[in-house]
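# Fold and contact review
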Amino acid sequence: MLRLNTLSEEIVKRYEAGERNFAGTDLRYISIGYPCFLGTDFSTANLEYSSITRTDFINANFSGANLRLSNLPYFLVNSNLSNTNLQESRWRGATFVNVDMTSADLTGANLTSRKTTKLIGCNLRNANLTDIKIDESVVFASTIMPDGIIRNDPIRQITDVQQLREHINKGGNFQDIVIHNADFSGIDLRGVNMSGAYFSNVSFRDADLFRADFNRSSFICCDFGGANFGANLEGVKLINIDLRGADLSSTSLYHAMCIRVNFQNTRANFLGMEVSCIETIMPDGECISMNV
């Protein structure tokens, strides 16, 4: 146990010192609880029996790594898991967005969880899904399956304005709804409750979001240039987001997590919000990685 604690602390210290290359490292049984790893290389590393659930990975390379019997991260974005050993891995409500899992081995992997597991815009071409554990809680959204067929979720996935309007008009909630590869530029969503939704590769340029409720939603690789907020963004996760020129003067970001977000030239008030920022550009152009 002492060795594992020391190893975990060593990886974090090396990362904080600027190191990003952990390729080929023996990290068996390691448990890492760190907010976010950006641009890290764990290719061919041995992470068997590891637990990395409490860490988000953005632009990570796990190609050829051994993640057998591991607990996977909650968020994995724009990353490479090709040729990875994921046998009997446990996903526990993970959200994978734009992840390449070409030829990965998911034999016996368990994707079931009390929380919804989401594979959004992922590539599973030629992956081995033998005996994989899946139930109705798992969402495949715009994901390429092993046979090359693109799998979408007919109930929990929205890709255009018409589908969005229909969902709103029916009074449907947005908890665990996936909105992927959509263009909502200039849309009027004033007062709409979309809390708990997952947005990826979505354009909200010049949209009117005044008093919209996005409480505990997640936004990944989205563009809000020129948008009018005045919205509830409490507890949201913002990853790779362009907010330049947006009006956030009456927007609540209380307990938000901002990873590579650009707030430059926005009207935003962070005082008392307890916002967590990682490689985030503030309204005055300063790049910070800290709690504001």
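For the structure itself, look to the data block above.
Heads up: these notes are all about the structure in this document. Position labels on residues start from 1 in each chain and follow its written sequence. Reporting of local features is limited, given that this is a predicted model, to residues whose pLDDT is at least 70; pairs of side-chain atoms are given and counted only at 80 or more, and all residues count toward the totals for whole chains, interfaces and linings. As a rule here, side-chain values come from all non-hydrogen atoms in the structure, and water together with hydrogens is ignored.

## Topic: the layout of surface pockets
The pocket and cavity definitions rest on a 1 Å grid over protein atoms only: a 1.4 Å probe that fits but cannot leave marks a cavity, an open set with protein on both sides within 12 Å along at least five of seven lines marks a pocket, and residues lining either have an atom within 4 Å of a point. Grid points are joined across faces, edges and corners, and a volume is the space filled by probe spheres set on the points. Looking at the largest pocket, its volume works out to about 630 Å³. Lining the largest pocket are 23 residues, with Phe75, Lys115, Tyr198, Ser218 and Lys237 sitting closest to its centre. Residues are grouped as follows: nonpolar covers Ala, Val, Leu, Ile, Met, Phe, Trp, Tyr, Cys and Pro; charged covers Asp, Glu, Lys and Arg; every other residue, Gly included, is treated as polar. For the lining of the largest pocket, the class distribution of residues is five nonpolar, 10 polar and eight charged. Lining the second largest pocket are 13 residues, and of these Tyr15, Tyr34, Cys36, Ile278 and Ser289 lie nearest its centre. Every element with two or more residues in the lining of the second largest pocket is listed here: α1 (2-16), β1 (36-38), β17 (276-281) and β18 (287-291). Only DSSP runs of H or I covering at least 4 residues are called helices, and only runs of E covering at least 2 are called strands; the numbering of each starts at the N terminus. Top element by residues in the lining of the second largest pocket is β17. It accounts for three residues. Among the residues making up the lining of the second largest pocket, the classes are represented as eight nonpolar, two polar and three charged.

## As for the pattern of salt bridges
Note on definitions: salt bridges are taken to be side-chain nitrogens of Lys or Arg within 4 Å of carboxyl oxygens of Asp or Glu. Evaluation of the coordinates by the stated rule reveals 14 salt bridges. Linking Arg14 and Glu10 is a salt bridge whose minimum nitrogen-to-oxygen distance equals 3.2 Å. In this pair, Arg14 and Glu10 both sit in helix α1, four residues apart, roughly one turn of the helix. Through salt bridges with shared partners, one network takes in Glu10, Arg14 and Glu19.

## Some words on the packing of aromatic side chains
Stacked, edge-to-face and tilted are the three classes for Phe, Tyr and Trp ring pairs, Trp counted by its six-membered ring, which pair at centre distances within 6.5 Å; planes under 30 degrees apart are stacked, over 60 edge-to-face, the rest tilted. Summed over all chains, the structure comprises 21 aromatic pairs. Plain terms: the ring middles of Phe37 and Phe57 are 5.4 Å apart, the flat faces sit at 70° to each other, and that makes the pair edge-to-face. In this pair, Phe37 is assigned in strand β1 and Phe57 in strand β2 (residues 56-58), connecting sequence segments 20 residues apart. In terms of burial, Phe37 and Phe57 fall into one category: buried. Judged by centre distance (5.4 Å) and plane angle (75°), the ring pair of Phe219 and Phe224 falls under edge-to-face. The cut-offs for exposure are 20% and 50% of the maximum accessible area for each residue type, with area from a 1.4 Å probe on protein chains only; residues under the lower value are buried, those over the upper are exposed, and the others partly exposed. The exposure class assigned to Phe219 is buried, which follows from its relative accessible area of 1%. Put simply, the rings of Tyr15, Phe22, Tyr34, Phe37, Phe42, Phe57 and Phe62 touch in pairs and so form one group of aromatic residues. Charge-over-ring contacts are defined here by two conditions on Lys NZ or Arg CZ: a distance within 6 Å of the ring centre and an angle within 35 degrees of the ring normal. The residue whose ring lies beneath Arg20 is Tyr15, and the NZ or CZ to ring-centre distance is 3.7 Å. One cation-aromatic arrangement involves Lys118 over Tyr198; the distance from NZ or CZ to the ring centre is 4.2 Å.

## With respect to the sheet that holds strand β5 (residues 117-120)
Strands are treated as partners if at least two bridges between them are detected by DSSP. Taken in spatial order, the six strands of this open sheet run β1-β2-β3-β4-β5-β6, and their pairing is parallel. Only two strands of the sheet have a single neighbouring strand rather than two, namely β1 and β6 (138-141). Neighbour to neighbour, the strand axes of the sheet diverge by 5° on average, direction disregarded. Sheet analysis places β1 next to β2, joined by three bridges and oriented parallel. The residue bridging Cys36 from the neighbouring strand is Asp56, located in β2. With axes taken as lines fitted to C-alpha atoms, and helix axes fitted only over the stretch in contact, angles between N-to-C directions fall between 0 and 180 degrees.

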